[in-house]
Amino acid sequence: MKAITKRLERLREQMSKDNLDAFFIGSQENRNYISGFTGSAGYVFITAKETFLATDFRYVEQAAQQSPLFQ
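Note that the structure is predicted; figures quoted are calculated from it, not measured. (Residues numbered from 1 in each chain as written. Predicted model: local features only at pLDDT ≥ 70, side-chain atom pairs only at ≥ 80, totals over all residues. Heavy atoms only, no water.)

### Things to note about the overall build of the protein
Heads up, the rule is: Comment: elements are numbered from the N terminus, with helices defined as DSSP H or I runs of at least four residues and strands as E runs of at least two. For a compact globule the rule gives 2.2 Å times the number of residues to the power 0.38, and the radius of gyration it is set against comes from C-alpha atoms. Using a 1.4 Å probe on the protein chains alone, a residue whose accessible area is under 20% of its type maximum counts as buried, one over 50% counts as exposed, and one in between counts as partly exposed. The contact criterion used is simple: two residues touch if any of their non-hydrogen atoms lie within 4.5 Å. For every accessible area listed, the method is Shrake-Rupley and the probe measures 1.4 Å; residues are considered covered only by the protein chains on display. A residue counts as positive if it is Lys or Arg and as negative if it is Asp or Glu; His and the chain ends are not included. Taken as the charge location is NZ of Lys, CZ of Arg, CG of Asp or CD of Glu.
Of the regular secondary structure elements, the protein holds 3 helices and 3 strands. On C-alpha atoms alone, the protein measures out to a radius of gyration of 12 Å, which is about the 11 Å that the 2.2 N^0.38 rule sets for 71 residues. Each of the three principal axes of the protein carries a C-alpha extent, and together these read 35 × 20 × 20 Å. For the protein, with 71 residues in total, the buried portion stands at 28%. Partitioning the contacts of the protein with sequence separation of at least 6, the portion at a separation of at least 24 is 41%. Of the roughly 4,900 Å² of accessible surface on the protein, 53% is carried by carbon and sulfur atoms. Side chains of the protein carry 9 positive and 8 negative charges; the gap between the two charge centres is 6 Å.

Below, the structure written as structure tokens:
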């Protein structure tokens, strides 16, 4: 989880530099990298203060276990 926290920090720093309010991730590889979620379906939405992982019903438990920093 420490690696995920650092990745989120770096992403948020870059978002601030680029004056971005939010960042949306749809690709499986990038979603896995930033959240730790390994399921095949889902999206990540990151703001300066919040992190969201949206997936379908098949992955609810998996998402909660693999990505505890994400709502």
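### Focus on the sheet that holds strand β1 (residues 22-25)
In plain terms, the rule: Any two strands between which DSSP finds at least two bridges are classified as paired. As a rule, the C-alpha atoms of each element are fitted with a line to give its axis, helices using only the stretch in contact, and angles between N-to-C directions run from 0 to 180 degrees.
Read across the sheet, 3 strands follow the order β1-β2-β3 without closing on themselves; strand pairing throughout is antiparallel. Both edges of this open sheet fall to β1 and β3 (51-54), since each of them pairs with a single strand only. Adjacent strand axes in the sheet meet at a mean angle of 10 degrees, parallel and antiparallel pairs treated alike. Along the sheet face, helix α1 (residues 2-17) touches β1, β2 (43-47) and β3 and points at about 60 degrees away from the line of β2. On top of the sheet, helix α2 (residues 28-35) reaches β1, β2 and β3; it is set at about 50 degrees to β2, its chief contact.

### Brief notes about the environment of Q65
Here Q65 lies in helix α3 (residues 60-66). The exposure class of Q65 is exposed, given its relative accessible area of 64%. Measuring from C-alpha to C-alpha, the distance between Q65 and G36 comes to 9.5 Å, with 29 residues separating the pair along the chain.

### Side note on a nonpolar patch on the surface
Applied cut-off: In this scheme, patches are assembled from residues that exceed 30% relative accessible area and form no salt bridge. Like charges are connected within 9 Å, while nonpolar side chains (Val, Leu, Ile, Met, Phe, Trp, Tyr) are connected within 5 Å. What makes a salt bridge here is a side-chain nitrogen of Lys or Arg within 4 Å of a carboxyl oxygen of Asp or Glu, nothing more.
Residues F24, Y43 and F45 make up a contiguous nonpolar surface patch of about 340 Å² in total accessible area. Structurally, F45 is set in strand β2. For F45, a relative accessible area of 35% gives the class partly exposed.

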